[in-house]
Amino acid sequence: MSRARVIPAVDHLLGLPAVQALAAAHGPRRVRQALDEEVDRLRAALVAGQTDAATRESAGALIVERLQHHLGETSESSLRPVINATGVIIHTNLGRAPLSPEALDAMRRVGAGYSTLEFDLATGQRGARHQHLTTALREATGAEAGVATNNTAAGLTLTLAAIAAGREVILSRGELVEIGGGFRIPEILQGSGARLREVGTTNRTRVADYGAAISERTGAILRVHPSNFRMEGFTERPALAELAALARRFSLPLIEDQGSGWLGLDLFATHAFPAEARLLLAREPAVRDSIRDGADLVAFSADKLLGGPQAGLVVGRADLIARLGRHPLMRAVRVDKITYAGLEATLRAFTSGRAAETVPVVRMLALPLDAIARRATRLADLLRASGVECDTAAGLSTIGGGSLPGETLSTRLVRLDTGAPDRVLAALRAGRPPLIARIVDDRVCLDLRTVPEVDDDVVVRAVRDVMSAPRP
Ligand SMILES: *Cc1c(COP(=O)(O)O)cnc(C)c1O
């Protein structure tokens, strides 16, 4: 017990300038609580003979130091920015799309105050929130109308509930897919109250298979983009336009889950993408093509290749979109004012031809290999100058996020020369800011395609810190 007598009185500790500063930052209640915990901890350690604080001064200094650490740790949000050096452009676990400056400005402007979210300035009466995106969606996709929902899972559930509840939805067995994170098409269908009517086989489904399944019970034909895998070999699926012709013949709506939100190359100048990216994007189904080819409703994510905030967009025929708007589920899945603001600004970047410069996801797709290689060489030079062994090597960036399955873009990796790559990866994750890298052929690699250029020096510092720290 006597050893614990070196602990200063709590009132004395609370009066110390360093503790007062903590109280101003974190609030006196939290500081008092944390201080009590640290005093108890030191008392226990002293009694157990586990610490050598011998004087009041050293005990006080130790408590203040631990208190600062304690409050620093516990007040840090668990949702934190990280640097994505994985080269995976749409990294769902890292928050999918970084937003454009224009989207962020719009979100800030609308979020900071009141807005016309559901208010008609001309009449002073209540307005409809859906209308805010109508023009931007029409111009971006060519569709008559559209709505925004919380994500595509919500958008598709709402669509099927409003259009086909209690009726059969015809779907190819080749498109009974799981997108990831619990999104399974058969379960979405079931949740919406529609009944699944499977046709064709896993690898081949023909228009005639759909035609043979149509009856008075049919509510819609559904087409799902198998966005995260690719089938090769003896495969067949009808072109969307053929399905649209069939649907029209029977006056059935054709719904497409397009997923990626890629709007189409025709919104870009020919020189916007290097040849490799251009070829890859030419293969990705585009929302504008789906509308042109006759899909009645198309659902897609706003935070994949569109590069906007999280949302699901459903666009298509005005009469069907109006049915979605009137359905009771609409209220449960609608988005807030900040999302509307961000979505509109992002869509405008595409329709005004600026997306390849301002929307980060598109910018990363459009980054020429030589620009990445130049940065990789500079970064490797800086690292070597401070004693970190590394080199650069050819590698592949992936698109990710359930779009362009298996598709990659050439990149230039910075490869660190370390042992224990798993341990280095973990140490980089623990840095400030956390740096997320990946291992290729047993070496820790950094892909600058997904790192904003302004962060290159932050990456250098982060790697230097880890590599110069004593090895555990
Ligand atoms: C990504 C994806 C979804 C899910 O979209 P969320 O916005 O994450 O709900 C659904 N369908 C397809 C085809 C997708 O690619």
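Residues numbered from 1 in each chain as written. Predicted model: local features only at pLDDT ≥ 70, side-chain atom pairs only at ≥ 80, totals over all residues. Heavy atoms only, no water.

**Here we look at the site of the ligand**
For clarity, the threshold we go by: Neighbouring residues are identified by heavy atoms, a residue being near a molecule or strand if any of them is within 4 Å of it. Pairs of N or O atoms are called polar contacts if they sit within 3.5 Å, as long as, within protein, a hydrogen donor faces a hydrogen acceptor (for residues adjacent in sequence, only side-chain-to-side-chain pairs). Residue-level accessible areas treat just the shown protein chains as cover; the underlying method is Shrake-Rupley with a 1.4 Å probe. By the criteria applied, helices consist of DSSP H or I runs no shorter than four residues and strands consist of E runs no shorter than two, each listed in order from the N terminus. Classification used: nonpolar for Ala, Val, Leu, Ile, Met, Phe, Trp, Tyr, Cys and Pro, charged for Asp, Glu, Lys and Arg, polar for all others including Gly.
In the vicinity of the ligand there are 13 residues, among which R96, S227, D257, S301 and K304 approach most closely. Here an oxygen atom of the ligand and a backbone polar atom of T152 are 2.9 Å apart. With respect to the ligand, the side chain of S301 contributes an N or O atom lying 2.7 Å from an oxygen atom. Isolated, the ligand exposes 390 Å² of accessible area, and the fraction of that covered by the protein chains is 93%. Elements with a minimum of two residues in the shell around the ligand: α7 (152-164) and β8 (254-259). Residue composition of the shell around the ligand, grouped by class: 3 nonpolar, 7 polar and 3 charged.

**A few points about the domain arrangement of the protein**
The condition is simple: Domain delimitation follows an automatic or database domain assignment.
Taken as a whole, the protein is organised into domain 1 (3-75), domain 2 (83-90 + 364-468) and domain 3 (101-354). Its C-alpha centre places domain 1 at a distance of 56 Å from the equivalent point of domain 3.

**Focus: the layout of surface pockets**
The line we're drawing: With a 1 Å grid laid over protein atoms only, a set of points is called a cavity when a 1.4 Å probe fits there but cannot get out and a pocket when it is open yet has protein on both sides within 12 Å along at least five of seven lines; lining residues have an atom within 4 Å of a point. Grid points are joined across faces, edges and corners, and a volume is the space filled by probe spheres set on the points.
Put simply, the largest pocket is a space of about 780 Å³. Along its surface, the largest pocket is lined by 35 residues, and P98, P360, R363, M364 and P452 are the ones closest to its centre. It is helix α17 (residues 360-366) that contributes the most residues to the lining of the largest pocket, 4 residues altogether. When its residues are assigned to classes, the lining of the largest pocket shows 20 nonpolar, 7 polar and 8 charged. Here the lining of the largest pocket spans two domains, since at least three of its residues come from each of domain 2 (83-90 + 364-468) and domain 3 (101-354). Looking at the lining of the second largest pocket residue by residue, the class counts come to 11 nonpolar, 8 polar and 12 charged. The residues that make up the lining of the second largest pocket include at least three from each of domain 2 (83-90 + 364-468) and domain 3 (101-354).

**Describing the side chain of T346**
Which entries qualify depends on this criterion: Contacts are assigned to residue pairs with any non-hydrogen atoms lying within 4.5 Å of each other.
Considering the arrangement of structural elements, one finds T346 in helix α15 (residues 337-351). When neighbours within four sequence positions are excluded, T346 is seen to be in contact with A103, L306, G307, G308 and P309.

**As for unusual backbone geometry**
The peptide bond linking R432 to P433 adopts the cis configuration, its omega dihedral lying at -5°. Position of P433 among the secondary structure elements: in the loop between α19 (421-429) and β13 (435-436). For S251, which is not glycine, the phi dihedral falls at a positive 50°. Here S251 shows up in the loop between α10 (240-249) and β8.

**Regarding the packing of helix α2 (residues 17-26) against helix α4 (residues 56-74)**
Heads up, the condition is: Where helices are involved, their axes are fitted lines through C-alpha atoms of the stretch in contact, as for all axes, and angles between N-to-C directions lie from 0 to 180°. Should an angle lie under 35 degrees it is considered roughly parallel, over 145 roughly antiparallel, and from 65 to 115 roughly perpendicular; all remaining angles are considered oblique. Should the near helix be turned anticlockwise from the far one by less than a right angle, the crossing is termed left-handed; should it be turned clockwise, right-handed.
It is at 10 Å that the axes of α2 and α4 come closest, and there the two elements cross at 15°. The pairing of α2 with α4 is recorded here as roughly parallel in orientation. For the pair α2 and α4, the crossing hand works out as left-handed. For the pair α2 and α4, contact is made by A18, V19, L22 and H26 and by V64, L67, Q68 and L71, respectively.

**Quick look at the pattern of salt bridges**
Heads up, the rule is: One side-chain nitrogen of Lys or Arg within 4 Å of one carboxyl oxygen of Asp or Glu is enough to make a salt bridge.
Within the structure shown, the criterion is met by 34 salt bridges. Of the charged contacts in the structure, one is a salt bridge between E38 and R41, with a shortest N-O distance of 3.2 Å. Taken together, the positions of E38 and R41, both in helix α3 (residues 28-47) and 3 residues apart, correspond to about one turn of that helix. The salt bridge involving R384 is made with D381; its shortest N-O contact spans 2.8 Å. Here D381 and R384 lie together in helix α18 (residues 369-385), a separation of 3 residues that amounts to about one turn.

**A short note on the sheet that holds strand β15 (residues 443-447)**
The cut-off we apply is this: Criterion used throughout: strands pair if DSSP finds at least two bridges between them.
If you walk across this open sheet you meet the 4 strands as β11-β12-β15-β14, and the pairing is antiparallel. Strands at the two margins of the open sheet, each flanked by one partner only, are β11 (390-398) and β14 (438-440). Adjacent strand axes in the sheet meet at a mean angle of 50°, parallel and antiparallel pairs treated alike. Bridging between β14 and β15 involves 3 bridges; their strand directions are antiparallel. In the strand pairing of β15, I439 is matched with V444.

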